[in-house]
Amino acid sequence: MQRPLLLNGCSTSAKSLVGASVARTTGRPFVDLDASRDVASVSEQSAGMRYGAEERSLETVLGPWRSGSSPAPVVALRSDTLVVRSTRLVALDEAVVVTLDVAPAPGSAEALATELRSPGYAEAHARVAVAGRETGSVCSDVLRVWERDPIVVAAAERSYTVDIGAHSVGSRLSDALGSPSMVLLVSDSNVEPLHGAAVRQAIEAAGHHCVSVTLPAGEEHKNLDTMRGIWEQALVARADRRSVFVGLGGGVVTDVTGFAAAAWMRGVRWVALPTTLLGMVDASVGGKTAVDLLSAKNAVGAFWQPHAVVCDVSLLVTEPQRGYTGALAEVVKTGLIGDPVLLDLLESRAGDVRAHDARLVSELVRRSLRVKARVVSLDECESGHRATLNLGHTVGHALEAEAGYTGLSHGEAVSLGLVAVLRIGQKQGWTPAPVVERTIALLGALGLPVALDRGALGRAVALIAHDKKRAGKTVKLAVVREAGQVALVPVPVDDLCAWCVDLTR
């Protein structure tokens, strides 16, 4: 419980009572910002642990924790504290936010206020029902969420959490599934023999009927023919709109599972269970689901957010070294976009990273997903800022396609794409030379390719025209300004192709 706990909800949701109880249980300070006084005795019950406070702001309350002078507090928020979305997104990033759900009397002023504030209540790490329940039971649910410390992707009513831990599939899958009519478990020929039986057992132990679909492994099978196979299996299994699709595997499996769920019955829920580092730090989160079409990477797809994501890092022990190493390119990319400390961590402990140090890997996954969640929450459907997540991918996807999706792994292609865009950025005056050299050295230290092949790059430039970010004859190129700061620069496709060719001369 390293982050503060913020209790949100309407004025009749007993935030003060629940917050004081959780604070007593955990020995943490309790701060009451709630303007209501739903239980008069709370002050007496929590004497010595309660700061006084309608007049205190959230910023003031979190200050001592941010400075390290106070443990993470429990805070009962005013009903309107998180109405402004920019404030809410900061709170979701820095704290664990739990909405206490209760239905106000119909037609009351509180009911109208709750309706107006509903977006602020929906975007939370969890929503816990209060009506008709004992305070102890509510507190237990709240405490479990706080202990899990999930990451949230804020997408209004489609918001969902990402759980990161070890040996967590069994404990989290039941909650993630809810009450489906049946479960369609999608995996591939590599992962299913390793983890399929255990996941099916967990699904069936939760009382759900499970039907398995096993796909051929590999990026070359990420196509419409594979999609048709999933839908035909769903049809035979009589999957309906209450069914849940579960993607168990790497980025290919989670991408196609999400797309299959988006199209089946015009959209059903799906859950991502990534088994690779790439799947955890990138593909399973964000709702970008797609398949390839000929040489066009991810050309056909949809934005369809998962219902939940469970990142069980203990599953990574079965991932081949090449796939694990390749995924580190996405981790480096994430550090460049929004977490310079992540770059420092990779540099200082490169040996431990390559050796799969479990606690370190969990930290890499958490930091990577925290950055991605922030970006996706700001721009769910890539109308602007989210395109920064494509850093290194414009050239990387072209190289991956040129190699037939087998010569280079996705991560290896991204590594080379990063090298290309860094070198281009340096030549165009966008990226400082020290940042370029530092990043390329880090990629090499992690075991990733950094040498651009003239022939491959020359052939790949023709495929840049297939990039999804292209608008007419221009592409939005993500470039590095400083470590942790990325910008989008409109670049003519012809110029980008010419710059790529120049890199190998």
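Structure: above.
It should be emphasised that the depicted structure is a prediction, and the values quoted were computed from it without experimental measurement.

Asker: What is the right way to read empty space enclosed by the protein from this model?
Answerer: Over the atoms a probe the size of a water molecule is rolled, and this reveals where empty space is left. Under the definition given, this model contains three cavities of 30 Å³ or more. Size it by volume and the second largest cavity reaches roughly 40 Å³. If you trace the second largest cavity, you find it lined by N390, L391, G392, H393, T394, V395, V421, L477 and A478. For the lining of the second largest cavity, the secondary-structure elements that each account for two or more residues are α17 (393–402) and β17 (474–482). Take the lining of the second largest cavity: its biggest share by element is three residues, from α17. Classifying every residue of the lining of the second largest cavity gives five nonpolar, four polar and no charged.

Asker: Where do I start with helix α16 (residues 358–378) in this structure?
Answerer: Side chains three or four residues apart in an α-helix point the same way, a direct result of the helix having 3.6 residues per turn. Across its 21 residues, α16 extends 31 Å between first and last C-alpha, which sits within 8% of the 30 Å expected from 1.5 Å per residue. All buried positions along α16 are accounted for by L360, V361, L364, V365, S368, L369, V371, K372, A373, V375, V376 and S377.

Asker: I would appreciate a short explanation of the pattern of salt bridges in the present structure.
Answerer: It is possible for side chains of opposite charge to pair when their charged atoms get near one another. For the structure on display, the rule yields 34 salt bridges. The residue R85 makes a salt bridge to E123 at a minimum N-O spacing of 2.9 Å. Residue R85 is found in helix α4 (residues 85–94), and its partner E123 is found in the loop between α6 (118–122) and β6 (126–129); the two are separated by 38 residues along the sequence. By relative accessible area, R85 is classed as partly exposed at 29%. In this structure, R322 and E412 form a salt bridge, with 2.8 Å as the shortest nitrogen-oxygen distance. Taken together, the positions of R322 in helix α13 (residues 321–338) and E412 in helix α18 (residues 410–427) put the pair 90 residues apart, joining distant regions of the chain.

Asker: Help me out: how do you make sense of the sheet that holds strand β10 (residues 210–215) in this one?
Answerer: Sheet strands line up and pair through hydrogen bonds in the backbone, either parallel or antiparallel. Pairing is mixed across the open sheet formed by seven strands, whose spatial order is β7-β8-β15-β12-β11-β9-β10. Across the chains shown, the open sheet's two edge strands, defined by having one partner strand only, are β7 (151–153) and β10. For this sheet the average axis-to-axis angle between neighbouring strands, irrespective of direction, equals 20°. Pairing geometry for β7 and strand β8 (residues 160–165), over three bridges, is antiparallel. Across the sheet, residue V152 finds its bridge partner in β8, namely T161.

Asker: Explain helix α10 (residues 224–236) here, please?
Answerer: For α10, with 13 residues, the first-to-last C-alpha span of 18 Å sits near the 18 Å given by 1.5 Å per residue. Of the residues making up α10, those classed as buried are T226, M227, I230 and A234. An end-on view of α10 places all buried positions within 105° of arc, on one side of the element. Of the residues in α10, the exposed ones pointing more than 90 degrees away from the buried face are D225, R228, L235 and V236. For α10, the secondary structure elements touched by its buried residues are β9 (183–188), β10, β11 (244–249), α11 (251–263) and β13 (288–293). Capping the start of α10, N223 holds a side-chain oxygen 3.2 Å from the backbone nitrogen of D225, two or three residues further along.

Asker: What should I look at first to understand the environment of T26 in this one?
Answerer: Secondary-structure assignment places T26 in helix α1 (residues 15–26). Assessed through its relative accessible area of 22%, T26 is described here as partly exposed. For the pair T26 and V74, spaced 48 residues apart in sequence, the C-alpha to C-alpha distance is 9.4 Å. Apart from the residues lying within four places of it in its own chain, the contact partners of T26 are M1, L143 and W146. Within polar-contact distance, the side chain of T26 engages the backbone oxygen of V22 at 2.9 Å.

Criteria and thresholds
Residues numbered from 1 in each chain as written. Predicted model: local features only at pLDDT ≥ 70, side-chain atom pairs only at ≥ 80, totals over all residues. Heavy atoms only, no water. 1 Å grid on protein atoms, 1.4 Å probe; cavity = no way out; pocket = protein on both sides within 12 Å on 5 of 7 lines; lining within 4 Å. Points joined across faces, edges and corners; volume = space filled by probe spheres on them. Helix = DSSP H or I, 4+ residues; strand = E, 2+ residues; numbered from the N terminus. Nonpolar A, V, L, I, M, F, W, Y, C, P; charged D, E, K, R; others polar. Expected span 1.5 Å × (residues − 1). Buried < 20%, exposed > 50% of the residue type's maximum accessible area, 1.4 Å probe, protein only. Salt bridge = Lys/Arg side-chain N within 4 Å of Asp/Glu carboxyl O. Pairing = 2+ DSSP bridges. Axes fitted to C-alpha atoms, helices over the stretch in contact; angles between N-to-C directions. Arc of directions from axis to C-beta. Contact = heavy atoms within 4.5 Å. Polar contact = N/O pair within 3.5 Å; in protein donor to acceptor, adjacent residues only side chain to side chain.

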